Amino acid sequence: MTRWGMAIDLDRCTGCEACVVACAAENNIQTVGEEQAREGRAMHWLRIERYYEGEFPNVRTRFMPVLCQQCGAAPCEPVCPVYATYRNPEGLNAMVYSRCIGTRFCANNCPYTVRVFNWFDAEFPAPLDSQLNPDVSVRPGGVMEKCTFCVQRIQAGKDEAAQEEREVADGEIKTACQQSCPTKAIAFGDLEDPDSEVSRWAESPRAFSLLGDLDTRPGVVYLSGTEWREPAE
Amino acid sequence: MSSGNGKRGEPRVTIGRRDFFKVYASAGVAVLQGCRRRDQELIESPVRRSTALPGASVWRRSICEQCGAGCEIEVRTVDRLAKKIEGLPDGFVNAGGVCALGHSALQELYHPDRVTEPMRRGSSGELEPVSWEEALETAATAIAAAPDATTVVAGAPSGPLLGLWRRVAATVGAPPPVHWQPADGIVEREAARLAFGESTRPAYDLARSDYVVSVGAPFLDRWRSPVHFGAAWAELTADRRGKLVQVEARHSLTAANADEWLPVRPGSEGVLARGLAGLLMASGKFPEDARAAYEALYAEAPPDLAATAERCGIDAGRIERLAAELARARRPLVMAGGSAFEGESGVAAGAAALALNLLLGAVGRDGGVFAGIDFGFEDRLAGEAAAALPPAALADRLAGEGESGVLVVSEADPLHGVPGLEAAFERAGTVVVLSAFFDDTTSRADVVLPVQTDLERFQAVEPDPVRGVPALLIASPTVAPRGEARHPGDVALALAAAAGSALPWPGFQEAVESALSGAFAATRAAGGGASGPVALPASLVAGALNARQFVRRTTDAGGLVGTEEMRRAPAGPASGDADEAPGPIPDPASLPAPAAPVGVEAFTLIPFESLKLADGRGANRPWLQELPDPLSTVMWGSWVEVATADADRLGIRTGDIVRLTGTAAEIELPAIVLPTVRPGSIGVPVGGGHADYGRYARRRGVNVNALLDPDRRVAGAGAFARGDLRVRVERLRRPRRSERPVIYGRGLRQAEEIPVGWAPHDSGPAHAALPESGFVRRLGHPRRAAAAPTREEKA
């Protein structure tokens, strides 16, 4: 059985945010405008967290992309009164938009703060709506949403493989964030396949889970940053 | 059947005939049972005149022209509408990557406030729609009446389109066009001429180096090609093989990612380079001829360590360690750019940094610096026309009180970029603007000519040098143009024709094809081997029988791309003829230091290009406005970065409104207090505060360019000096609700410490200290839950 997973190498992430815009373009994420954003209602499915260590002039900065961790034991799922969010057989923490009644309990229970709520209906003033991805529904007001691991791309990749009567090859399906990353800091694939790139990355001694002590069993693995040291003569 | 997101690189229309009928039969039945209207739509669809099936994805190759980098992209189109931009996996520059600005080209294309029809200022003083013929005639009549009083401002990157503007300006009898470009590129050319004897912008082989000192070049932010250099940086630092040292006063994204950041005093980058040279020469590790080549450039000896440390405000021990590491590195490289070039002595500072490569033996070797060569298609299209002028020439031409003649501005917004030009634009007889938007300059226009954006037009681009390999990239339009928008090159030719000086080509594409054809002929005439100044490398024309076939093959193949073997070192300081050989380079260390701060509130202003808004062109895209800046996390609007120490002293808290006062203007904007800012300096992103430019940019943020002094120039380069500007900073008030900076408040809910393990500098094996040493402090932007809307808001 497939378990879709992602690995993010923090050594390679520059915080350039190409992934954030790629995600918005792929998934029809609405922009809410200055006033709404000021109230904390921006809708990004993926954010770049920035961390500082030390004081000037010896200050260090690190970036960490944070998106839905597609938890194996997701705190968001059991609190939904209408089962709008559930774990699908391939390890995706899926959302049924049409079932969501907007209690926001799931967002409240998510330790990664990656769920966003549509306080209003999305607006895409014409002809900006010409850009909308026909493979992804535009969510109405009152509905919770979050990263889907680009499930429409997963589906398209599986359809294509089935059409050609073969298995989905490793690296064939790319998420939007992964595809646009200039430094190739993101790997995506099947964590159950020991030979997949994402599995190899996840085996790295640098690998860790975000908030690992909560035991949410995330499908996203991070590779921690390291320091340069001078090679021996 | 294949649809949706198929594989990239080929049109995804691989539906079989049998599948087609199966799908449509089943879909038809399903829909018939439901809703009649949908059924009608479905039956209409198959008879649409399109080569693609309705709803199927077609991927088209294109070139991103959001900056001069020349990233090759693939655009997913569905039903002839552009949906998504991806990097071309084997793209010459970008190898599959796209930056945030590149993605947003879609929102430029489909912007609700695009100019889609020609306009002319009517008797009422308002712009009114007119036909193309009328608009062109008005513009051409004004040009033909006073050709020598016509000033052309071309905003296109260097390359064929700029060459065409040069040709058109010369043909109608106007002076050479002003090339509206960032100061950086012009200063870089001049610095390279002094250091390397050749005024091409240097190309850097970052990926194959093992120790890179970047003097001011913010190559991961918005400089040259952040996508190419991002990938090269990742290769450099993979498995911690190589090190990046960023020498820059501001804590840019590049500084944030560097292994070591040297926050030098603003304007002292060149002094540090000279100081390093002194230490390197004293180390005795470099061959005598490299040393001699470097020493020949300067009349003075480099400053000693103590003087360098004093001028740069950096600990002497640190500079010494850096020099020692650099001397021990196997393939060291020094890059220069950005803030190092932007002060009045930018040329001297840039040359000092570039010249270090002579000493390090980095010129023309793998992991080093190369000449930024191209195939010369700008000159091929320009013919005999004179070279374009630097931006400062515009201010000089428009200086004085008399009438400014005719101004033709193409794809540039000088009124947003430099203060003090408004009066000259008011005095101009006719202002003709070619633009896709009502930006600050367009709103002053008498004639507005709508132009196509990247994806709508035929493209021929010579990318900015990043690899040292020449290229001419060509792409056909991806989608149909909106409204009546035309290609700016076609408009230039139409203007020339209407002014009575027609050129032999009906459009830009024909001009490029003619240049290609000429290049083929010249190459064949050169004897099939020798590459003269007008010839291409023989290998590129080898397969074609005749010029026509060569042109067709080249356009079909997406252009001409050179090979790594074509890379070469710059000519070298000694090779220029005597008239052109530069004298000794001014030593930055012997130039006077910028004036000392006057009182506690005088700061050095560092305007910078953020990856969101770039030089301002990104400001009209909602994706980019709502993108949190990676360092300040600010969305929508402008901000000023203030050091923690300065903020404590002046009583400034994050969000407070502060006033920045320059010599001629003042601006007010919210402060963001950061521990990474060098005390005594402040950073403000450029690109905010447009007078117009569509609903998302209009009066959003403030325009820091208002503080620039247009009379300050980078010596010897004809560029406006943006660096080392002194401003007064005062706190005004806590922000009103509507003034609060929009800070991205989301963060991890439960952790102030997360297991990101990195060892402190210089302490043991890279991976040994995980994860115990990991300690990360979140900066104190309080986490906020999204506030539920009020009843009024809901209404």
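Quantities reported herein were computed from a predicted structural model and do not represent experimental measurements.

1. Quick look at the overall build of chain A
Across its full length, chain A carries six helices and 10 strands. Over its C-alpha atoms, taken along the principal directions, chain A stretches across nearly 60 × 55 × 40 Å. The buried share among the 233 residues of chain A stands at 53%. Counted over contacts in chain A with a minimum sequence separation of 6, partners at least 24 positions apart contribute 60%.

2. Some words on the overall build of chain B
A count of helical and extended segments in chain B gives 25 helices and 29 strands. Expressed as a percentage of its 795 residues, the buried residues of chain B come to 58%. Taking all contacts inside chain B whose residues are at least 6 apart in sequence as the whole, residues at least 24 apart take part in 73%.

3. Let's talk about the sheet that holds strand E18 (residues 471–475) of chain B
Residues and elements named next belong to chain B. Spatially, E17-E18-E19 is the arrangement adopted by the three strands of the open sheet, whose pairing is antiparallel. Edge positions in the open sheet fall to strand E17 (459–461) and strand E19 (559–561), since each of these has one partner strand only. Taken pair by pair, the neighbouring strands of this sheet meet at an average axis angle of 20°, ignoring direction. Alignment of E17 against E18, held across three bridges, turns out to be antiparallel.

4. Examining the domain arrangement of chain B
All names here are of chain B. Here chain B is partitioned into domain 1 (17–109), domain 2 (119–181 + 375–501 + 558–565), domain 3 (203–370), domain 4 (592–743) and domain 5 (746–795). The gap between the C-alpha centroids of domain 2 and domain 3 is 37 Å. The partner domain 3 presents five residues to the five residues of domain 2 that form the contact. Residues belonging to the side of domain 2 that touches domain 3 are distributed by class as follows: two nonpolar, one polar and two charged.

5. Here we look at the packing of helix H6 (residues 160–172) of chain B against helix H19 (residues 488–498) of chain B
Residues and elements named next belong to chain B. It is the contact of H6 with H19, at a shortest axis distance of 10 Å, that shows an interaxial angle of 10°. Comparing the axis directions of H6 and H19 gives the class roughly parallel. Contact with H6, carried on its side by Leu161, Leu164, Trp165, Val168, Thr171 and Val172, involves Pro488, Gly489, Ala492, Leu493, Leu495 and Ala496 of H19 and no other residues of that element. Its residues assigned to classes, the contact of H6 with H19 shows 10 nonpolar, two polar and no charged.

6. So, the environment of Arg700 of chain B
One can find Arg700 of chain B in the loop between strand E25 (681–685) and strand E26 (713–714). Excluding its chain neighbours within four sequence positions, the residues that come into contact with Arg700 of chain B are Ala619, Gln625, Trp636, Gly637 and Gly688 of chain B.

7. Remarks on helix H22 (residues 547–556) of chain B
Residues and elements named next belong to chain B. All buried positions along H22 are accounted for by Phe550, Val551 and Thr554. The arc enclosing the buried residues of H22, seen along the axis, measures out at 100°, which places them on a common side. For H22, exposure combined with an orientation more than 90 degrees from the buried face picks out Arg548, Gln549 and Asp556. Taken together, the buried residues of H22 touch E18, helix H20 (508–525), helix H21 (538–541) and E19. Within two residues after H22, Gly558 carries a phi angle of roughly 85°, on the positive side.

8. Some words on the environment of Ile73 of chain B
Residue and element names in this part refer to chain B. Structurally, Ile73 can be placed in strand E2 (residues 72–78). For Ile73, a count of 28 C-beta atoms within 10 Å translates into the label buried. If we skip the residues at most four places from it in the chain, Ile73 touches Ser62, Ile63, Cys64, Ile85, Glu86, Gly87, Leu88, Val98 and Gly102.

9. Quick look at the pairing of strand E22 (residues 640–643) of chain B
All names here are of chain B. Covered by surrounding structure in E22 are Val640 and Val642 together with Glu641 and Ala643, the residues of both alternating faces. Pairing of E22 with strand E24 (residues 666–674) involves four bridges; the strand directions are parallel. Following the sheet pairing, Val642 is matched in E24 by Val673.

10. What to know about the sheet that holds strand E9 (residues 211–215) of chain B
Residue and element names in this part refer to chain B. Taken together, the four strands give an open sheet; going across it, the order is E11-E10-E9-E12, and neighbouring strands pair in parallel fashion. Strands with a single pairing partner mark the edges of an open sheet, and in this sheet they are strand E11 (260–262) and strand E12 (332–336). Recorded for the sheet is a direction-independent mean angle of 15° between the axes of neighbouring strands. In the sheet, E9 pairs with E12 via five bridges, with the strands oriented parallel.

11. Details of the environment of Thr523 of chain B
Residue and element names in this part refer to chain B. Residue position: Thr523 is located in helix H20. In this structure the C-alpha to C-alpha distance between Thr523 and Ala538, which are 15 residues apart in sequence, comes to 6.5 Å. Not counting the four nearest positions on each side in its chain, Thr523 is found in contact with Ala535, Leu536, Ala538 and Val541.

The rules behind the values
- Residues numbered from 1 in each chain as written.
- Chains lettered and ligands numbered in written order.
- Predicted model: local features only at pLDDT ≥ 70, side-chain atom pairs only at ≥ 80, totals over all residues.
- Helix = DSSP H or I, 4+ residues; strand = E, 2+ residues; numbered from the N terminus.
- Buried ≥ 20, exposed ≤ 12 C-beta atoms within 10 Å, placed from the backbone.
- Contact = placed C-beta atoms within 7 Å.
- Pairing = 2+ DSSP bridges.
- Axes fitted to C-alpha atoms, helices over the stretch in contact; angles between N-to-C directions.
- Domains from an automatic or database assignment.
- Nonpolar A, V, L, I, M, F, W, Y, C, P; charged D, E, K, R; others polar.
- Parallel < 35°, antiparallel > 145°, perpendicular 65-115°, else oblique.
- Arc of directions from axis to C-beta.

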